[in-house]
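# Architecture and fold: a report
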Amino acid sequence: MSSETIVKQSLETPTAYTKFNADNFNAYVMNTYGRFPIALERGEGCRVWDTEGKEYLDFVAGIATCTLGHAHHVMMATVSEQMQKLHHVSNLYYIPVQGELAQWLIQHSCADKAFFCNSGAEANEGAIKLARKYAHEKLNIENPTILTAHASFHGRTLATITATGQPKYHKGFSPLMPGFYYVPYNDITAIESAIAELDKDKRQVAAIMLEALQGEGGVRPGEITYFQRIREICNEKGILLILDEVQAGMGRSGKLWGYENLGIEPDIFTSAKGLGGGIPIGAMLCKSHCDVFEAGSHASTFGGNPFVCAVALAVCQTLEKENLLANVQLRGEDLRTGLKAIAAKYPNLFREVRGWGLINGMELNSDVELTSIDIVKASMNEGLLIVPAGPKVLRFVPPLIITETEVMEAMDALARAIANVVK
Ligand SMILES: *Cc1c(COP(=O)(O)O)cnc(C)c1O
C-alpha cells in the first residue's frame with residue numbers, strides 16, 4: 001500500500017445533475033429511509049404534486065409539520081421579508097424576533113422560559129440536560145434516572161433514541177445512554193413501582209418524560225387520570241414532569257398544547273414539528289423553578305436565528321388570528337366520523353379509530369395480514385397521502401387549515417383504497 005493518498009479536487013469539474021426519481025436517488029443519498037416511490041416537487045394549500053404531475057391530498061403534512069399547508073401567503077411573505085432584513089447572526093448577540101417568539105410561546109403556555117434549537121430531538125436533548133442538571137443541583141441526586149414510556153418516540157440522537165422506549169430504534173447503536181428506565185404508557189402502578197425500585201437501587205427518578213398523546217408509537221392519547229396522578233406524584237417527590245409536545249403540540253390536538261387535554265401542567269415541555277410550519281425549529285420551554293441553565297450550559301449555532309424565529313412567530317400569529325384551533329376541533333370531528341364510518345364497513349379489518357383534533361389513528365386488527373403500509377400505498381394510488389404509525393396504525397395529520405370538503409375528499413379516496421386492497 002502506498003502511503004500517498006490521491007485527494008479528489010473538490011471544485012475542479014462543473015456539476016452534472018441527474019433527473020432524480022425512486023430509481024436513482026439512493027446512488028447519492030444514504031439509504032436511511034424507507035421511501036415511498038414518488039418524488040414530490042410542488043405544493044399549494046393541502047395539496048402536493050409529484051414529478052409526473054400527479055396530484056395528492058396531503059394528510060401527512062411533512063409528518064404533522066406543515067401547520068399552514070404549502071405555499072402559505074403569510075409564510076412566503078415572512079420568509080422573503082426576513083431574508084432581506086437579516087437571517088443569521090448566532091447567539092453571540094441579542095435577536096429581537098427570538099425574544100418575540102419566546103414571549104408569544106410563554107404568554108400562551110404554562111412556561112416561563114424558552115430555549116431554541118433546530119429539531120424535536122434537539123429540544124428533547126435540551127430537556128434531558130436540564131433535568132439532569134436540576135437533579136444534581138436541586139435534588140442532590142448523584143445518579144438520576146428519567147422514566148420514559150414503552151412505544152414512545154423522542155428522536156434519533158443517542159440520548160433521544162435511548163429515551164425512546166422502542167427496541168427497534170436501539171438496534172445496532174449500543175452502548176446506549178445510561179439513566180433511562182421504561183414503563184408501560186397509561187399505567188400508573190408501573191410508574192409507582194419503578195420509582196420505588198430505582199430509589200432502592202440509588203438510581204433515583206429525577207424526571208418523567210412522556211408524550212401527552214403518543215404519535216409515532218400508534219396515536220395513543222394519554223389518559224386524564226393517569227396524567228393527573230403523575231402530576232401529584234411529581235409534586236410529592238419533587239420529580240420533574242417533561243412533556244414531549246413535538247408532534248401533538250402547536251394546535252394539532254385541538255388545544256394549543258397536548259397537556260391542555262389532560263388538565264395538568266408540565267415543568268418542562270418541548271416543541272418542534274408544527275412550530276415552524278416546515279421551517280426547521282425546535283424549542284424547549286420550562287417553568288422558572290427548573291431553569292438551572294446558566295451562560296455556557298447549553299447552546300446551538302443555528303438555534304433561534306432571525307429567519308426561523310420570524311417564520312415560527314408568523315405561524316403562531318396566524319394560528320391565533322385565524323382561530324385555527326376551532327377549525328382543528330371541527331375538522332377533527334369530521335375526520336373521526338368519516339374514519340369510523342369506513343371502519344364500520346370493515347369490522348374484521350379495523351379495531352379502533354382514536355385521536356385528538358387533527359392527530360388521528362385508525363388501527364387494524366392484529367390478526368389481519370394487511371399492514372398499514374399496504375393501505376398507505378393503496379391510498380397514494382388514489383391521490384391521498386397518509387403515514388403509518390407502526391405496522392398496524394394509519395395516521396392522519398393534515399395541515400391545520402384543512403377544509404370540510406378536503407376531509408370528505410380524503411375519506412372518499414381512503415374508501416376506494418381500502419376497497420382495492422381487500423378485493
Ligand atoms: C418527531 C418527533 C420527535 C423528533 O423530532 P425531530 O425533529 O425529527 O428530531 C420527537 N418527539 C416526538 C413526539 C416526535 O413526534
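## Overview of the overall build of the protein chain
Broken down by element type, the protein chain carries 12 helices and 17 strands. Taken over the C-alpha trace, the protein chain has a radius of gyration of 22 Å; the compact-globule value for 423 residues is 22 Å, and the two agree within 12%. If you line up the protein chain on its principal axes, its C-alpha atoms span 60 × 60 × 60 Å. Long-range pairs, those at least 24 residues apart, make up 70% of the contacts in the protein chain between residues at least 6 apart in sequence. In the form shown here, the protein chain has an accessible surface area of approximately 20,600 Å², with 53% of it arising from carbon and sulfur atoms. For the protein chain, the centre of its 38 positive side-chain charges and the centre of its 47 negative side-chain charges are spaced 3 Å apart.

## As for the nonpolar core
Of all hydrophobic cores here, the largest spans 100 residues; its most connected members are Phe 59, Ile 208, Met 362 and Leu 414. The element that contributes the greatest number of residues to this core is helix H9 (residues 306–321), accounting for 10 residues. Ignoring anything within four residues of it in the chain, the contact list for Ile 208 reads Leu 147, Ile 191, Ile 195, Ile 230, Cys 234, Ile 239, Leu 240, Leu 241 and Ile 242. Among the nonpolar cores identified, the runner-up in size contains 22 residues, and Ala 127, Ala 131, Tyr 134 and Leu 240 belong to it.

## Comments concerning the sheet that holds strand E3 (residues 55–58)
The strand order across the open sheet formed by 4 strands is E1-E2-E3-E15, and the pairing between neighbours is mixed. Looking at strand neighbours, the two that pair on one side only are strand E1 (40–44) and strand E15 (384–385), the edges of this open sheet.

## Brief notes about the sheet that holds strand E4 (residues 113–117)
With mixed pairing, the 7 strands of this open sheet are ordered in space as E4-E12-E11-E10-E7-E5-E6. Edge positions in the open sheet fall to E4 and strand E6 (180–183), since each of these has one partner strand only. When strand polarity is set aside, the average angle formed by the axes of neighbouring strands in this sheet is 20°. Bridge count for strand E11 (residues 268–271) against strand E12 (residues 282–286) is 4 bridges, and the pairing is antiparallel. Across the sheet, residue Ile 268 finds its bridge partner in E12, namely Cys 286.

## Re the packing of aromatic side chains
Enumeration according to the criterion identifies 8 aromatic pairs in this entry. Ring centres of Tyr 185 and Phe 227 lie 6.2 Å apart, and the angle between their planes is 70°; this geometry places the pair in the edge-to-face category. In this pair, Tyr 185 is assigned in the loop between E6 and helix H7 (188–200) and Phe 227 in helix H8 (residues 224–237), connecting sequence segments 42 residues apart. Taking relative accessible area as the criterion, Tyr 185 reaches 12% and is therefore assigned buried. Every member of this aromatic cluster is reached through a ring pair, and the members are Phe 20, Phe 25 and Tyr 28. Over the ring of Trp 49 we find Arg 42, and its NZ or CZ is 4.1 Å from the ring centre.

## Structural notes on the packing of helix H3 (residues 96–107) against H9
H9 packs onto H3 with a crossing angle of 35° between their chain directions and a minimal axis gap of 8 Å. Seen along the crossing, H3 lies across H9 with a hand that is left-handed. Together, Val 97, Gln 98, Glu 100, Leu 101, Trp 104 and Leu 105 of H3 and Pro 306, Cys 309, Ala 310, Ala 312, Leu 313, Cys 316, Gln 317 and Glu 320 of H9 make up the contact between the two elements. A class-by-class count of the residues in the contact of H3 with H9 yields 10 nonpolar, 2 polar and 2 charged.

## Thoughts on the pattern of salt bridges
All told, the structure shown has 18 salt bridges when counted by the stated rule. For Glu 192, the salt bridge goes to Arg 229, with nearest N and O atoms at 3.4 Å. Linking Glu 192 in helix H7 with Arg 229 in helix H8, this pair joins segments that are 37 residues apart in sequence. Exposure remark for Glu 192: the relative accessible area of 34% places this residue in the partly exposed category. Of the residues examined, Arg 229 reaches a relative accessible area of 26% and is grouped as partly exposed. Across the pair Lys 287 and Glu 265 runs a salt bridge whose closest N-O atoms are separated by 2.5 Å. With a gap of 22 residues between them, Lys 287 in the loop between E12 and H9 and Glu 265 in the loop between strand E10 (240–244) and E11 connect regions that are remote in the sequence. Residues joined by salt bridges that share partners form a network here, namely Glu 192, Arg 229, Glu 232 and Glu 236.

## Side note on the site of the ligand
The environment of the ligand is formed by Ser 119, Gly 120, Ala 121, Asn 124, Phe 153, His 154, Gly 155, Glu 211, Asp 244, Val 246, Gln 247 and Lys 273. A distance of 3.2 Å is found between a nitrogen atom of the ligand and a backbone nitrogen or oxygen belonging to Phe 153. Contact with the protein chains removes 81% of the 380 Å² of surface that the ligand exposes when unbound. In terms of residues, the shell around the ligand owes the most to one element, helix H4 (residues 120–138), which gives 3 residues. Class assignment of the residues belonging to the shell around the ligand gives a composition of 3 nonpolar, 6 polar and 3 charged.

## Describing the side chain of Glu 245
With respect to the helices, strands and loops of the structure, Glu 245 is situated in the loop between E10 and E11. Despite its burial, Glu 245 pairs with no opposite charge, the nearest such side chain being Arg 252 at 10 Å. Side-chain polar atoms of Glu 245 contact the backbone nitrogen of Tyr 259, separated by 2.9 Å. Residues in contact with Glu 245, not counting those within four places in the same chain, are Ala 212, Trp 257, Gly 258, Tyr 259, Phe 269, Thr 270 and Ser 271.

## Observations regarding the pairing of strand E17 (residues 393–396)
In summary, the side chains of a regular strand alternate between the two faces of the sheet. Every second residue of E17 is oriented toward a common face, with Val 393 and Arg 395 on one face and Leu 394 and Phe 396 on the other, all of them buried. Bridging between strand E14 (residues 359–364) and E17 involves 4 bridges; their strand directions are antiparallel. Directly across from Gly 361, in E17, lies its bridge partner Arg 395. Hairpin connection from strand E16 (residues 387–388) to E17: 4 residues lie between these consecutive antiparallel strands, with Gly 390 at a positive phi of about 90°.

Parameters at a glance
- Residues numbered from 1 in each chain as written.
- Predicted model: local features only at pLDDT ≥ 70, side-chain atom pairs only at ≥ 80, totals over all residues.
- Heavy atoms only, no water.
- Helix = DSSP H or I, 4+ residues; strand = E, 2+ residues; numbered from the N terminus.
- Rg over C-alpha atoms; globule rule 2.2 N^0.38 Å.
- Contact = heavy atoms within 4.5 Å.
- Areas by Shrake-Rupley, 256 points an atom, 1.4 Å probe, with all protein chains shown as cover.
- Lys, Arg positive; Asp, Glu negative; His and termini not counted.
- Charge placed at Lys NZ, Arg CZ, Asp CG, Glu CD.
- Core = buried A, V, L, I, M, F, W, Y, C linked by side-chain atoms within 4.5 Å.
- Buried < 20%, exposed > 50% of the residue type's maximum accessible area, 1.4 Å probe, protein only.
- Pairing = 2+ DSSP bridges.
- Axes fitted to C-alpha atoms, helices over the stretch in contact; angles between N-to-C directions.
- Phe/Tyr/Trp six-rings, centres within 6.5 Å; stacked < 30°, edge-to-face > 60°.
- Lys NZ or Arg CZ within 6 Å of the ring centre and 35° of its normal.
- Left-handed = near helix turned anticlockwise from the far one by under 90°.
- Nonpolar A, V, L, I, M, F, W, Y, C, P; charged D, E, K, R; others polar.
- Salt bridge = Lys/Arg side-chain N within 4 Å of Asp/Glu carboxyl O.
- Near = heavy atom within 4 Å.
- Polar contact = N/O pair within 3.5 Å; in protein donor to acceptor, adjacent residues only side chain to side chain.

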